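These are the residues of each chain, in order.
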Amino acid sequence: MSPRRPPRILGLGGSMRPDSTSQLLLRRAVAVLEGDGCRTALLDLRELDLPFCNGDKKEPWPSRPDVKLLREEVRAADGVILAGPEYHGTIGGALKNALDLLDFEHVEGKVFGAICALGGRSNSNALNHLRLVVRWYRAWMVPEQVAVPQARTALADGEPTDPELGARVDELARSVARAAALLRADRG
Ligand SMILES: Cc1cc2nc3c(=O)[nH]c(=O)nc-3n(C[C@H](O)[C@H](O)[C@H](O)COP(=O)(O)O)c2cc1C
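Residues numbered from 1 in each chain as written. Predicted model: local features only at pLDDT ≥ 70, side-chain atom pairs only at ≥ 80, totals over all residues. Heavy atoms only, no water.

*Asks:* Got a minute to help me understand the overall build of the protein in this structure?
*Replies:* Along the protein, the regular secondary structure elements total six helices and nine strands. Over its C-alpha atoms the protein spans a radius of gyration of 16 Å, differing by no more than 12% from the 16 Å that the globule rule assigns to 188 residues. Projected onto its principal axes, the C-alpha positions of the protein cover 40 × 40 × 25 Å. Relative to its full complement of 188 residues, the protein shows a buried share of 51%. Looking at the protein alone, contacts between residues at least 24 apart form 77% of all its contacts between residues at least 6 apart. Here the protein displays about 9,300 Å² of accessible surface, and carbon together with sulfur accounts for 52% of that area. Counting 26 positive and 25 negative side-chain charges, the protein places the centres of these two groups 4 Å from one another. (Helix = DSSP H or I, 4+ residues; strand = E, 2+ residues; numbered from the N terminus. Rg over C-alpha atoms; globule rule 2.2 N^0.38 Å. Buried < 20%, exposed > 50% of the residue type's maximum accessible area, 1.4 Å probe, protein only. Contact = heavy atoms within 4.5 Å. Areas by Shrake-Rupley, 256 points an atom, 1.4 Å probe, with all protein chains shown as cover. Lys, Arg positive; Asp, Glu negative; His and termini not counted. Charge placed at Lys NZ, Arg CZ, Asp CG, Glu CD.)

*Asks:* Even after reading the chapter, I still don't get the pattern of salt bridges, so can you show me in this structure?
*Replies:* Between side chains of opposite charge, a pair can form when the charged atoms approach closely. Scanning all chains against the criterion turns up 17 salt bridges. The partner of R8 in a salt bridge is E73, and the shortest N-O contact between them spans 3.0 Å. Here R8 is found in strand 1 (residues 8-13), whereas its partner E73 is found in helix 2 (residues 65-76), with 65 residues between them in sequence. Since its relative accessible area comes to 18%, E73 is described here as buried. Across the salt bridge formed by K57 and D103, the nearest N and O atoms sit 3.3 Å from each other. (Salt bridge = Lys/Arg side-chain N within 4 Å of Asp/Glu carboxyl O.)

*Asks:* What am I meant to see in the packing of helix 1 (residues 21-35) against helix 6 (residues 163-187) here?
*Replies:* The angle between the axes and the distance between the axes are what describe a pair of packed helices. For the pair helix 1 and helix 6, the least separation of the axes is 9 Å and the interaxial angle reads 55°. Accordingly, the angle class assigned to the pair helix 1 and helix 6 is oblique. Seen from above, helix 1 lies across helix 6 with right-handed handedness. Note on element contacts: helix 6 touches helix 1 through L165, G166, A167, V169, D170, A173, R174 and A177, opposite L25, R28, A29, V32 and L33. (Axes fitted to C-alpha atoms, helices over the stretch in contact; angles between N-to-C directions. Parallel < 35°, antiparallel > 145°, perpendicular 65-115°, else oblique. Left-handed = near helix turned anticlockwise from the far one by under 90°.)

*Asks:* How do you make sense of the site of the ligand when you look at a structure like this?
*Replies:* Around the ligand lies a shell of 16 residues, among which S15, S20, S22, E86 and H88 are the nearest. Taking S15, its side chain carries an N or O atom lying 2.6 Å from an oxygen atom of the ligand. At 2.8 Å from an oxygen atom of the ligand is found a main-chain nitrogen or oxygen belonging to E86. Out of a free accessible area of 630 Å², the ligand has 75% covered by protein chains. By residue number, the principal contributor to the shell around the ligand is strand 3 (residues 79-87), which donates three residues. In the shell around the ligand, the residues fall into five nonpolar, eight polar and three charged. (Near = heavy atom within 4 Å. Polar contact = N/O pair within 3.5 Å; in protein donor to acceptor, adjacent residues only side chain to side chain. Nonpolar A, V, L, I, M, F, W, Y, C, P; charged D, E, K, R; others polar.)

*Asks:* Any chance you could explain unusual backbone geometry here in plain terms?
*Replies:* Excluding glycine, residues mostly have negative phi values, and the peptide bonds linking residues are mostly trans. A positive phi angle is found at R138, which is not glycine, with a value near 60°. As for its position among the elements, R138 is in the loop between helix 5 (125-136) and strand 6 (140-141). Phi at Q150 is positive, roughly 40°, even though this residue is not glycine. Position of Q150 relative to the elements: it lies in the loop between strand 7 (146-148) and strand 8 (155-156).

*Asks:* Looking at this model, I keep getting lost on the pairing of strand 5 (residues 111-117). Mind explaining?
*Replies:* Two faces, one strand: in a regular strand the side chains alternate between the faces of the sheet. For strand 5, the tally of buried residues reaches seven of seven residues, placing the bulk of the element in the interior. The two faces of strand 5 match: V111, G113, I115 and A117 on one face and F112, A114 and C116 on the other face are all buried. Pairing between strand 3 and strand 5: seven bridges, direction parallel. Residue pairing for strand 5: V80 is matched across the bridge by F112. Relative to strand 7, strand 5 is paired through three bridges, and the arrangement is parallel. Looking at the pairing, I115 lines up with V146 of strand 7. (Pairing = 2+ DSSP bridges.)

As structure tokens, this is what we get:
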């Protein structure tokens, strides 16, 4: 890690499911980075009160303060780890809606990584669709990514049953932190 101030990494968890696998793996990723000395924050969409995007990206939503919180946390981050479910072959709606409530001023130039949980077999549909969104925001997605097939049995007592899954989550988290530190240093 650079001798400069450590990067600030936000975990943004987009599953609304009570026992969400992607939310638990996101917590692991954030804990790993905290242990590495990064500054971290975690937003769990189950705990936020967000409206549906109404088509106005500048809308301040004064009666929904969590919109401001979301925007400020993303703005303050050097890197963001997105986590969520694959629904019907793509990104779950709650996470996409949270991304739609943001604008370039919060996202552009940041580093992103993603974890997607699937009920079925492994595929990269939602991960690839998140890459499109991140690219559209003129931000950077690290090459590492984590798809979690058969997500409901991937964890036992909150821990991955396959140690390789845990290692891949840790690797993804560290890749986001490393790239975020480099890009921030480059921005000066
Ligand atoms: C509306 C809906 C659509 C889903 N679509 C898919 C799908 O296209 N492919 C798949 O493998 N699993 C699908 N699933 C299963 C979820 O991806 C699975 O439950 C996963 O664990 C959700 O992630 P989470 O544990 O983080 O909530 C779907 C589940 C729901 C509720």
